[in-house]
Amino acid sequence: MDQASNNDPVDVLIIGAGASGAAVAWSLTDTRMRILCLEQGDWTSSSDYPTNGKNWEAQQTGAYSINPNVRGLDTDYPINNDASPIDVVNYNGVGGSTILYAAHFPRLHPSDFKVKTHDGVADDWPVDYETLDPYFAENDRMMGVSGLAGDPMYPPKQPPLPPLPIGLVGETMARGYDKLGWHWWPSDSAIISQPYEGRDKCLNLGPCSSGCAQGGKSSTDITYWPQAIRSGVELRTRCRVREITLNDDGMADGVIYYDKDGRECFQKAEVVIMACNGVGTPRILLNSKSAQFPDGLANSSGLVGKNLMFHPVSVVQGVFEERLDSHKGPLGCCILSKEFYETGKDRDFVRGYNMQIVRGSGPLTTAMQGHASGTIPWGPGHHEAFRKRFDHVASIANLCEDLPEECNTVTLDPELTDSNGIPAPKITYRVSENSRKMLAHGLARGREVMEAAGATEIIETELVRPAGWHLLGTARMGNDPKTSVVNAWGRSHDVKNLFIVDGSIFVTSGGVNPTSTIQALALYIADTMKKNLANLFD
Amino acid sequence: MTNDKFATDHLLSSTQQKCLSALLDTIMPAAEDGSMPSAGKMDFLGFILAQAENFMPALVQILDQLDEKFANDPLAARVARLEDFARADKKAFNRLLVRVYDCYYQDDQVRVLIGIKPGPPFPQGNTVEPGDLSLLDAVVERGQGYRR
Ligand SMILES: Cc1cc2nc3c(=O)[nH]c(=O)nc-3n(C[C@H](O)[C@H](O)[C@H](O)COP(=O)(O)OP(=O)(O)OC[C@H]3O[C@@H](n4cnc5c(N)ncnc54)[C@H](O)[C@@H]3O)c2cc1C
């Protein structure tokens, strides 16, 4: 094993430089400890992002695909989705999945932390909204969040920047919601509507999910990381962690990783923090087997890799006679509706869903999706059908709360490996009965909104397959070591110097995009670590 | 190598070229009202060589299944022929279709005709209307909607 000279012991070792890894690294810089982050991917450059070229749509199906199995970069690891109706999507590099995320940035609601109390299902969280509130606000400031204060579906909050323009798509849909007397609000977005902290504002390019050439989208490579690095954090790219090692006292003492040349290295650390996301983290824990933890590290509960939650999504697309300029503006950040977010007594399911209004696609995607759905033919008739749809659509993505179920898992694939020979994750997942009812309810309600908004044609998608954006629950928090992997501040019950800060620790999924909450939790955990530095391992 | 192959800049035989032109005009004929050009008007081969070179062998394979008769057939007959192909080999047909659409909708003249700016999205960007936020008055009036 190669103990390179720059592998001097560090105080804190963070694995993964995505949404949560960046936040925790920045927050811990106060401590003046030696902090190192190992990231398997590279830095990306805004001048390489697809929207710099005319072929940007085609690039979204290749090197900038959201699906790592399609991208197939050296820095990716393959994921076996065969036993799941939903494919995991991600990005592996500095910024993690925020490089490709849509930046729709709602917080979980206060009730999301108390689902057992409210609805008698799953479990309450060991933290609540009020505790996280200051961390949400700090994260909004650090990331640069645009939004409008006063949403009656939340306790008071003040986004640092004014909302993004909702455009013709947002206004048309808003009129539909108003007609029905249903809630809607401009989305909180991790996209800057005005120049902010040296970054220029969003240019309404449209396709946020292939990287933002303008830098208006708040990915952590351009928000947290520059500040963390200036404050002394070392970020080492192209370093893929294989396993966390233990000393004789049962404490984590470092990691074994592969550097960019494929050399096996050992990095010693006093504290290890996992931030590899809800699939990457259980994968590495399960791969870190020892005599003490034959089923994977920190897994005495048997829950590492279990309770995987996505947000199953159904989509209702409306076609409108008038032009909506649908291709302009951030695809996923427009308006949302929380009308069916909380449990309704008149419904046949518990919990609820967020209706996220999504703008339209570029011409190539419009044409290919039209081909797949049979709405835009090739041959004679193409132009007429295309003209009717392109820039004339708005969609509602019903993002449903997924309740935890132990049968939904991340395990190690017995055969598939990444380029370093580390076992790939295998996803085993089924959409629950409760989620199915919610998805169907969303389709019916979505149709009502579209009709109220004046859509002339409505197209439904029951379940979106490439929708494994949100990876949650696979190393859940809790107070009881028998039913959870980490405690209320992200520390492993079993290994007292091992922390987890990514989406794995979610107890329930809520019905909104999770990144705002993931990062608020990471800041909260970092802060709690700082407050407990003297007796961190007690 | 057949003797009617052109050198470097013309990788297709004259028959293949005629078939390609007919194929493109079948997949995307000009709009009946003349408002949109046909795909045959695009430099499809140039596009493939520049942006999707590894598709070239598959394209040649498709063209080799066609003949002069196809090139001279009326549109309806060509459509029927392509429908057969699409049914027989959906994957290959879709791979062709995506390239034809990609080439077509990258064309600056086409982009202007469908109402988008020529060139890449960045750094031009777009202007989006702020939208009428007074529509929120009704939402605010209904009051708090969250549970603690
Ligand atoms: C297309 C897309 C759209 C999305 N849209 C939204 C949205 O609109 N709103 C929202 O809230 N969320 C969205 N998300 C989800 C969001 O990106 C994630 O919730 C968030 O990035 C998760 O943060 P994380 O820190 O848990 O993991 P990530 O950000 O995924 O970071 C994990 C990092 O760990 C690294 N890593 C993993 N394993 C190893 C290893 N063994 N060694 C070294 N490094 C490793 C990875 O390379 C990666 O960089 C979207 C995601 C995608 C892919």
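Heads up: the structure comes first, above all this text.
Summary of the structure given here. (Residues numbered from 1 in each chain as written. Chains lettered and ligands numbered in written order. Predicted model: local features only at pLDDT ≥ 70, side-chain atom pairs only at ≥ 80, totals over all residues. Heavy atoms only, no water.)

1. Focus on the interface of chain A and chain B
At step 1: On the chain B side, the residues contacting the 60 residues of chain A number 55 residues.
At step 2: In total, about 4800 Å² of surface goes out of reach between chain A and chain B, with carbon and sulfur atoms giving 64% of it.
At step 3: In terms of surface lost to chain B, no three residues of chain A exceed Lys54(A), Trp378(A) and His383(A), which account for 17% of the buried area on that side.
At step 4: In this structure, the connection of chain A to chain B is made through 4 salt bridges.
At step 5: Across the pair Asp108(B) and Lys54(A) runs a salt bridge whose closest N-O atoms are separated by 3.3 Å.
At step 6: If you look at where chain A meets chain B, you find 24 residue pairs in polar contact (both at pLDDT 80 or more). (Contact = heavy atoms within 4.5 Å. Buried area = accessible area lost by both parts, 1.4 Å probe. Salt bridge = Lys/Arg side-chain N within 4 Å of Asp/Glu carboxyl O. Polar contact = N/O pair within 3.5 Å; in protein donor to acceptor, adjacent residues only side chain to side chain.)

2. Quick notes on the pairing of strand S9 (residues 313-319) of chain A
All names here are of chain A.
At step 1: By the criterion of burial, S9 is predominantly enclosed, with 6 of the 7 residues buried.
At step 2: When S9 meets strand S12 (residues 393-400), the two strands line up antiparallel, connected through 7 bridges. By the bridge assignment for S12, Val 315 is matched with Ala 397.
At step 3: The pairing of S9 with strand S15 (residues 457-461) spans 5 bridges and is antiparallel. (Buried < 20%, exposed > 50% of the residue type's maximum accessible area, 1.4 Å probe, protein only. Helix = DSSP H or I, 4+ residues; strand = E, 2+ residues; numbered from the N terminus. Pairing = 2+ DSSP bridges.)

3. Concerning the environment of Leu523(A)
Residue and element names in this part refer to chain A.
At step 1: Within the secondary structure, Leu 523 is located in helix H12 (residues 515-531).
At step 2: On the basis of relative accessible area, Leu 523 is assigned to the buried category, the value being 1%.
At step 3: Each C-alpha atom, one on Leu 523 and one on Asn 139, is 7.7 Å from the other, the two residues being 384 residues apart in sequence.
At step 4: Not counting residues within four places of it along the chain, the set of residues in contact with Leu 523 comprises Ala 23, Trp 26, Ser 27, Tyr 135, Glu 138, Asn 139 and Tyr 224.

4. Some words on the sheet that holds strand S10 (residues 335-337) of chain A
Residue and element names in this part refer to chain A.
At step 1: Across the sheet, which stays open at both edges, the 6 strands sit in the order S4-S10-S11-S12-S9-S15 with antiparallel pairing between neighbours. Edge positions in the sheet fall to strand S4 (185-186) and S15, since each has one partner strand and no second.
At step 2: When S10 meets strand S11 (residues 353-358), the two strands line up antiparallel, connected through 2 bridges. The residue of S11 that forms the bridge with Ser 337 is Met 355.

5. With respect to the side chain of Gln106(B)
At step 1: With respect to the helices and strands, the residue Gln106(B) is situated in helix H6 (residues 90-106).
At step 2: On the basis of relative accessibility, which here comes to 6%, the residue Gln106(B) falls in the buried class.
At step 3: Separated by 3.0 Å, the side chains of Gln106(B) and Gln51(B) make a polar contact.
At step 4: Every residue in contact with Gln106(B), bar those within four places of it in the chain, is listed here: Lys54(A), Asn55(A), Phe47(B), Gln51(B) and Arg111(B).

6. Some details on the sheet that holds strand S3 (residues 80-83) of chain A
All names here are of chain A.
At step 1: An order of S3-S14-S13 is seen for the 3 strands of this open sheet, with the pairing classed as mixed. The sheet is open, and its two borders are formed by S3 and strand S13 (409-417), each paired with just one other strand. Here the average twist between neighbouring strands, direction ignored, is 40 degrees.
At step 2: Of the strand pairs in this sheet, S3 and strand S14 (residues 423-428) are connected by 2 bridges, and their pairing is parallel. The partner of Ala 83 across the bridge, within S14, is Thr 428.
At step 3: The strands touched by helix H8 (residues 277-287) within the sheet are S13 and S14, with S13 carrying the most contacts at an inclination of about 70 degrees. (Axes fitted to C-alpha atoms, helices over the stretch in contact; angles between N-to-C directions.)

That is the geometry; function is a separate question.
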